[in-house]
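Summary of the model geometry
Below, each chain spelled out in residue letters.
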Amino acid sequence: MCLRSSPFQFTMLSSRVTPTYMTVVARSLAVTATKSSDEKTNGVKQAPNSYIRFMREQIKNRPEGMHGRKYLAIVGHKWRAMSDAEKAPWQEESKARRLGLIVDKKRKPKKPRISMNFFMKEKYSTVKESMGKEATFGDISCEVVAQFSSLSPADRQKYQEMADEDHIRYTKEMFDWTAEE
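As the structure is a prediction and not an experimental result, all values here were calculated from the model. (Residues numbered from 1 in each chain as written. Predicted model: local features only at pLDDT ≥ 70, side-chain atom pairs only at ≥ 80, totals over all residues. Heavy atoms only, no water.)

Side note on the pattern of salt bridges
The final tally for this structure, using the stated rule, is six salt bridges. The closest approach of N and O atoms between Arg113 and Asp166, which form a salt bridge, is 3.6 Å. Note that Arg113 is positioned in the loop between α4 (84-98) and α5 (115-131) and Asp166 in helix α7 (residues 153-180), a separation of 53 residues in sequence. Using a relative accessible area of 33% as the deciding quantity, one classes Arg113 as partly exposed. (Salt bridge = Lys/Arg side-chain N within 4 Å of Asp/Glu carboxyl O. Helix = DSSP H or I, 4+ residues; strand = E, 2+ residues; numbered from the N terminus. Buried < 20%, exposed > 50% of the residue type's maximum accessible area, 1.4 Å probe, protein only.)

Shown next, in the form of structure tokens:
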């Protein structure tokens, strides 16, 4: 058993604690520690730094049969031995990527929405107000679905047309996206 004195320091209380157990605990703490930083960035991934970009380029040239860890150690030594002038192209590119001047690939298009999604978007706030503050998301959603189910085919037509337009948008964007690859 171990006692945590700070997020990444452990004190052994028993000899039965194995290094594997300590590793699992440390990893779980690291995962929970990084969640708050992900929330700050709203899930947007940060552009890789210059060393990571250099390393990825060097890995493409890895000799056959050489173990990955050994080669990464060699790449790390190579990076540290480089002068600032030699590192400059990777550093400039990383800076441009962080500023959003360079984008790797266009993201895959967002999937098309169905008619129910458009109805939900339109009616959710009014149903939420009518149900009061105590209503949960599930309660509100059930009410909106019930309203959608009770619509006549003529009333549903408006939302079906929106869904058809969104499907056309998706088809066009997918065609463009696959053409770029």
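Read on, since the account is not over.
Description of the nonpolar core
Counting twelve residues, the largest nonpolar core consists of Met116, Phe118, Phe119, Met120, Tyr124, Val127, Ala135, Ile140, Val144, Phe148, Tyr159 and Ala163. If you list the elements that add at least two residues to this core, you get α5, α6 (137-149) and α7. Here this core takes six residues from α5, the largest share from any one element. Apart from the residues within four sequence positions on either side, Ile140 is in contact with Tyr124, Val127, Lys128, Met131 and Ala135. Among the nonpolar cores identified, the runner-up in size contains seven residues, and Phe54, Met55, Trp79 and Met82 belong to it. (Core = buried A, V, L, I, M, F, W, Y, C linked by side-chain atoms within 4.5 Å. Contact = heavy atoms within 4.5 Å.)

A look at the packing of helix α2 (residues 50-59) against α4
Two elements in contact, α2 and α4, have axes whose closest approach is 8 Å; the angle formed by their N-to-C orientations is 115°. In this structure, α2 crosses over α4, and the sense of that crossing is right-handed. Taken together, the residues of α4 that come into contact with α2 (itself represented by Ser50, Arg53, Phe54 and Glu57) are Trp90, Gln91, Glu93, Ser94 and Arg97. When the residues that make up the contact of α2 with α4 are grouped by side-chain class, the tally is two nonpolar, three polar and four charged. (Axes fitted to C-alpha atoms, helices over the stretch in contact; angles between N-to-C directions. Left-handed = near helix turned anticlockwise from the far one by under 90°. Nonpolar A, V, L, I, M, F, W, Y, C, P; charged D, E, K, R; others polar.)

What to know about the side chain of Lys87
Here Lys87 is to be found in helix α4. Nearest to the buried, unbridged Lys87 among oppositely charged side chains is Asp84, at 4.9 Å. In this structure, Lys87 is in contact with Trp79 and Met82, ignoring residues within four places of it in sequence. (Lys, Arg positive; Asp, Glu negative; His and termini not counted.)

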